Amino acid sequence: MDPIHRGPEDFGHDNDGHGEEKSRRTQPRAPLTSDFGQQPTQQARVVQVVSGDFLLTVNPVDGSEVELCPPGEQPPVPVRRTAAERTDRERAATPPVPPGPPAPQLPLLERQEERERLVRLLARGRSVRLTGPAGSGRTALLGAVAADCADLAPDGVVRLSGLKRTVTDLLYGLFEAVYDAPLLRPDRALLLEKLRSIGAVVVLDDLEFGGVALDELLDATPECAFLIATTPDVPAPTADAHLEEVFLAGLGRGASVALLEQVVERSLTDDEANWAGDLWFESEGLPLRFVQAGALLRQRDMLRADPTAYDERGFAEGRPVDDVFAKGADADGEDVPLPSLGEGAAPAALLASRLSGPARDTLHFAVALGGEVPHQAHLPALVGDTHADAALGELAGCGLLSPAGSRYRLAPGVVAQLEAAGYGEDADDRARTAAQHYAWWAGHPSVTAARAVAEADAIVSAMTRLVPGEGAGQASAAVLLARSAAPAFAAGLHWSGWEKTLRLGQEAARIAGEVAEEAYFHHELGVLALCNGNPDRARAELETSIGMRGALADKPGAVAGRRALALVADRAGMLPGGRTPAGEEIPAARYDESVSPPGGIPAAGPMVLPRMSEDDTALISRVVPASGTDGFDGRKAVLGGARRNLVAAGAGVLLAAVLGTVVTLGMTSSSDARDGGSVSTEQTAGEDDSENGLPADESADDSTPGGASSSGSPSTPGPSGSQVTPSGSGAPSSESSGPSDSPSPGRPTSGSSSSPGTPTKSPTRTPTKTPTKTATPTPTEPEPTDTPTPTDPSTEPTPPGISDSASGPSTTASASGTSAEPVVA
């Protein structure tokens, strides 16, 4: 049975012999509709983006991963776009043409003088700031000037929208308009280097900042000439900006009436001309007001022709629209009064009341989204009408829309007028519906990152409406939308929208109590901060994410967070002493497992606190330097171990000194202490030992550097490296608890203990592990006590040349120099 390709037997049917043939077939495509309520599984869209020297892997499942870009993964050098490529890109960036009959092309009235002045200033390389009130026709004037300056600069004309954009967004937007660098977000140094070489006329509409931020934009592009359009409420530039100021006023009365006639496409009557004069005085000659007033007159003509001309869709029922307008121009039509002056100054509510149902629903969604109008492709799904895309043409013909970059939004002042008319009462429900739709759409594999970025403002506006979470399910809908849209914005290099989405999603997840999603947003914010060069913010976000995912037992997510946090610590550039350049102290790394002592772990039982007793003497051993540490003394080896071993090591030094004093007193006793059972050690720690206070390598007697004793007798190394020195009388003796190299019937076997002082015929070679002798110091007289403790030689090997408290017996010359006796350490 194949667990992946299921055969007929898995469903209770007999295999008819074609199972193998069926298993070799390709998998069926995913159904267009869900079967039995189950959604088909979709593959995660993973995109790799290069940001500076980082390789960012956008992973929608566990969180984005960031690493240093490998040598073979560097993107190609950015290449300048050709004139044809710039033209194609600019055409693709324009708002889509609304469906329906084409709108009439309105002339640019009374703007010839400003148009020529702007062209002259830009031709001389001067930057200009065009200031005018909302609805004064700034966008139309910018389009005409851009057409006149198409051949002035080597890189042509670049049109950008400053609505809801920061300085960084505009700098990267200018870079993308001139250079072809897919999936590359250059760092600050490379970005400024490329921008200094750009020579273009930059037409920037709806700029929302000034002052120092505007100076930063101008200083980064010294070879560009800017034409900036703003409103009077935007902060003014500084004195060092060197910008030419051009103020754009309203139209005159004659030009306003002419514009109204262009919109209505007929001559005005006397009453309409007088009404237009009053409107000009009220609106200060703003062209937008006369475009909307012309739409009111067109609707009046249709009503004059037939009061029931509008059907449920807002169209003339059964008759072409042209016939209705033609009849409305006749005097025989029914008399419909002109709109009032107030309705002409604020016509949005009256215009909306005469539109079709889908167009009014579109206005409801636009008000809920803060003025952002969804793309016409989304209107059928949002409104629930297959012909709802035609609503965009109705709104554009009424002057209720204005272009903003590659999209449309409600014209200035329309949102406030519609909210006053009650279009904002169901804003929360509309925003939740839009969020659910965009969450499904942005996460679909067929939707590219560029298409998602084009709807970024509408998506962010929907989340902004839902994040307070006052209604049921609003916070959860915002979390779902942020979870789907954030990876698309990251892959589309729209990082300001990515950051806004992550912060809104994190707040919504906190309100909804979705800890796993909140941890994801913290992780993404940390990765974003790391790529933007903010390690402190990255560390805080990643640590928060790791803590949450650790509590949830999310191992893949925690591993991704730890990898990013390790890269943050590496990029932070910690200084010696565990401090960052900002002076912040970095805590030491912690490990779960304990650190082995420098000399190895003894096998003689567990470690206990050192005490001044007989049983603890065997715990004191000489510290053996680790392999490869020649010249590394005992003290450094002890200090290099774990902190919890320092206490035991210090106590061991103290006990070693006490033990050396006791042994020294025993060595200076009477020469026949051997008969009384006194025991001496070969390695003692006396007053004249090494300065480290640890047991010395030399024997108690003054042996020469060559290995011979002071009496001139050569020393013979034992099996464990210990020295066997014959006595001065030539009759060496030893004490052994194990078998010697040449066992004899009269000698003790392994595991037995001979009484101290028993002489032997010849020196013997003893194994390394023998019973341990402990000595107890007394104030008046040393009373050695033999406490043999057999150990297994195979469990604790002793390095050659080193003899410690657990090593076997060795022989040394007695203090009197007349005989040799076995010594048990």
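Residues numbered from 1 in each chain as written. Predicted model: local features only at pLDDT ≥ 70, side-chain atom pairs only at ≥ 80, totals over all residues. Heavy atoms only, no water.

**Details of the overall build of the protein chain**
Within the protein chain, the secondary structure is distributed over 27 helices and 17 strands. Buried residues in the protein chain amount to 44% of all 825 residues. Here the analysis covers contacts within the protein chain between residues at least 6 apart in sequence; of these, 68% occur between residues at least 24 apart. Here the protein chain has roughly 42,400 Å² of accessible surface; of this, 53% comes from carbon and sulfur atoms. (Helix = DSSP H or I, 4+ residues; strand = E, 2+ residues; numbered from the N terminus. Buried < 20%, exposed > 50% of the residue type's maximum accessible area, 1.4 Å probe, protein only. Contact = heavy atoms within 4.5 Å. Areas by Shrake-Rupley, 256 points an atom, 1.4 Å probe, with all protein chains shown as cover.)

**A short note on the sheet that holds strand 8 (residues 184–185)**
Within a sheet, each strand pairs with its neighbour through backbone hydrogen bonds, oriented either parallel or antiparallel. The strand order across the open sheet built from four strands is 3-2-1-8, with neighbouring strands paired in mixed fashion. On the outer flanks of this sheet lie strand 3 (65–68) and strand 8, each paired with one strand and no other. Two elements, strand 1 (residues 47–51) and strand 8, share two bridges in a ladder whose sense is parallel. Following the sheet pairing, Val50 is matched in strand 8 by Leu184. The sheet contacts of helix 25 (residues 555–571) involve strand 2 (54–58) and strand 3, and relative to strand 3 the element is tilted by about 35°. (Pairing = 2+ DSSP bridges. Axes fitted to C-alpha atoms, helices over the stretch in contact; angles between N-to-C directions.)

**Digging into the confidence of the model for the protein chain**
Averaged over every residue, the pLDDT of the protein chain is 73; residues scoring 70 or more account for 61%. Below pLDDT 50 for its whole length, residues 1–41 participates in 13 contacts with residues either more than four positions away or in separate chains. Here residues 574–597 is a poorly scored stretch, pLDDT under 50, and it has 23 contacts once near neighbours within four places are set aside; other chains count. (pLDDT = per-residue confidence, 0-100.)

**What about the packing of helix 22 (residues 495–512) against helix 23 (residues 515–531)?**
Interhelical geometry of helix 22 versus helix 23 gives an angle of 150° and a closest axis separation of 9 Å. In terms of axis orientation, helix 22 runs roughly antiparallel to helix 23. In this structure, helix 22 crosses over helix 23, and the sense of that crossing is left-handed. Packed against helix 22, whose contacting residues are Trp495, Trp498, Glu499, Leu502, Arg503, Gly505, Gln506, Ala509 and Arg510, the element helix 23 presents Glu517, Glu518, Phe521, His522, Glu524, Leu525, Leu528 and Cys531 at the interface. Grouping the constituent residues of the contact of helix 22 with helix 23 by class yields eight nonpolar, three polar and six charged. (Parallel < 35°, antiparallel > 145°, perpendicular 65-115°, else oblique. Left-handed = near helix turned anticlockwise from the far one by under 90°. Nonpolar A, V, L, I, M, F, W, Y, C, P; charged D, E, K, R; others polar.)

**A few points about the packing of helix 21 (residues 474–491) against helix 22**
Their axes nearest at 8 Å, the elements helix 21 and helix 22 cross at an angle of 155°. Considered as vectors, helix 21 and helix 22 are oriented roughly antiparallel to each other. Crossing of helix 21 over helix 22 shows left-handed handedness. Residue-level contacts link Ala475, Ser476, Ala478, Val479, Ala482, Ala485, Ala486, Phe489 and Ala490 of helix 21 to Trp495, Gly497, Trp498, Thr501, Leu502, Gly505, Ala508, Ala509, Ile511 and Ala512 of helix 22. Looking at side-chain class alone, the contact of helix 21 with helix 22 contains 15 nonpolar, four polar and no charged residues.

**Comments concerning the side chain of Arg111**
In this structure, Arg111 sits in the loop between helix 2 (83–92) and helix 3 (112–123). For the buried Arg111, which has no salt bridge, the nearest side chain bearing the opposite charge is Glu114, at an N-O separation of 4.5 Å. At 2.8 Å, the side chain of Arg111 forms a polar contact with the backbone oxygen of Ala249. In contact with Arg111, not counting residues within four places along its chain, are Ser136, Leu141, Leu248, Ala249, Gly250, Leu251 and Pro287. (Lys, Arg positive; Asp, Glu negative; His and termini not counted. Salt bridge = Lys/Arg side-chain N within 4 Å of Asp/Glu carboxyl O. Polar contact = N/O pair within 3.5 Å; in protein donor to acceptor, adjacent residues only side chain to side chain.)

**Re the pairing of strand 6 (residues 157–161)**
In terms of residue burial, strand 6 counts as a mostly covered element, since four of its five residues are buried. Sheet analysis places strand 6 next to strand 9 (residues 201–205), joined by five bridges and oriented parallel. By the bridge assignment, Leu160 is partnered in strand 9 with Leu204.

**Structural notes on the environment of Ala134**
Structurally, Ala134 can be placed in the loop between strand 5 (127–131) and helix 4 (138–148). Judged by its relative accessible area of 36%, Ala134 is partly exposed. Residue contacts for Ala134: discarding those within four places in its chain leaves Thr231, Leu286 and Pro412.

**Concerning the sheet that holds strand 9**
Taken in spatial order, the five strands of this open sheet run 6-9-10-5-11, and their pairing is parallel. Two strands lie at the open edges of the sheet, namely strand 6 and strand 11 (243–247), each paired on one side alone. Geometrically, the sheet is characterised by an average inter-axis angle of 15° between neighbouring strands, direction not taken into account. In this fold helix 4 packs onto strand 5, strand 6, strand 9 and strand 10 (225–230), with an angle of close to 170° to the strand it touches most, strand 9.

**Considering helix 10 (residues 287–305)**
Two residues of an α-helix separated by three or four positions point the same way, owing to the 3.6 residues in each turn. Taking 1.5 Å per residue, 19 residues should reach 27 Å; helix 10 reaches 28 Å between its end C-alpha atoms and fits that length. The element helix 10 is extensively covered by neighbouring structure, given that 18 of its 19 residues are classed as buried. (Expected span 1.5 Å × (residues − 1).)

**Structural notes on helix 21**
Here helix 21 is 18 residues long and its end C-alpha atoms lie 26 Å apart, about the 26 Å a rise of 1.5 Å per residue gives. Maximal helix bending in helix 21 amounts to about 30°, located at Ala485; proline Pro487 follows within four positions. Within helix 21, 16 of the 18 residues are buried, which leaves the element mostly enclosed by the surrounding structure. In the stretch just after helix 21, Leu493 is the one whose phi turns positive, near 65°. (Bend = angle between axes of the 7 residues up to and from the residue.)

**Section: the side chain of Arg86**
With respect to the helices, strands and loops of the structure, Arg86 is situated in helix 2. With no salt bridge to any partner, buried Arg86 finds its closest opposite charge in Asp155, at an N-O distance of 4.4 Å. Filtering out sequence-adjacent residues up to four positions away, Arg86 remains in contact with Arg81, Pro154, Asp155, Gly156 and Ala177.

**Considerations on the nonpolar core**
Across soluble globular proteins, nonpolar side chains show a tendency to be buried alongside one another. With 61 residues, the main nonpolar core has Val66, Leu481 and Trp498 as its most contacted residues. Of all the elements, helix 21 adds the most residues to this core, at 11 residues. Excluding anything up to four places from it in sequence, Trp498 contacts Leu56, Ser64, Ala486, Phe489, Ala490, Glu524 and Leu528. (Core = buried A, V, L, I, M, F, W, Y, C linked by side-chain atoms within 4.5 Å.)

**Topic: the pairing of strand 1**
Counted residue by residue, strand 1 has four buried out of five residues, so it is predominantly covered. Bridging between strand 1 and strand 2 involves five bridges; their strand directions are antiparallel. In the sheet register, Val50 faces strand 2, and the bridge partner there is Leu55. Taking the residues between adjacent antiparallel strands as the criterion, strand 1 and strand 2 are bridged by two residues, where Gly52 takes a positive phi near 65°.

**Description of the packing of aromatic side chains**
Summed over the entire model, instances satisfying the criterion amount to four aromatic pairs. Relative to Trp441, the ring of Tyr438 lies with its centre 6.2 Å away and its plane at 70°, an arrangement referred to as edge-to-face. Here Trp441 and Tyr438 lie together in helix 18 (residues 427–442), a separation of three residues that amounts to about one turn. Both residues of the pair, Tyr438 and Trp441, belong to the buried class. Residues Tyr520 and Phe521 carry aromatic rings whose centres are separated by 5.5 Å and whose planes lie at 65° to one another, so their mutual orientation is edge-to-face. Just as Tyr520 is buried, Phe521 falls in that class too. The positively charged end of Arg185 is found above the aromatic ring belonging to Tyr172, 3.8 Å away from the centroid. Lying over the aromatic face of Tyr520, Arg483 brings its terminal NZ or CZ to 3.6 Å of the ring centre. (Phe/Tyr/Trp six-rings, centres within 6.5 Å; stacked < 30°, edge-to-face > 60°. Lys NZ or Arg CZ within 6 Å of the ring centre and 35° of its normal.)

**Examining the pattern of salt bridges**
A side chain of one charge can pair with a side chain of the opposite charge if their charged atoms are brought near each other. In this structure the tally under the stated criterion is 26 salt bridges. Here Arg138 makes a salt bridge to Asp206, at a shortest N to O gap of 3.6 Å. Here Arg138, found in helix 4, pairs with Asp206, found in the loop between strand 9 and helix 7 (212–220); they are 68 residues apart in sequence, far enough to count as distant. What makes Arg138 buried here is its relative accessible area of 9%. With a closest N to O distance of 2.9 Å, Asp426 and Arg430 form a salt bridge.

**A few points about the environment of Ala478**
Take Ala478: it is sitting in helix 21. We classify Ala478 as buried; its relative accessible area is 1%. Note: C-alpha distance between Ala478 and Arg465 (13 residues apart in sequence) is 9.0 Å. If sequence neighbours within four positions are ignored, Ala478 has contacts with Met463, Leu466 and Ala508.

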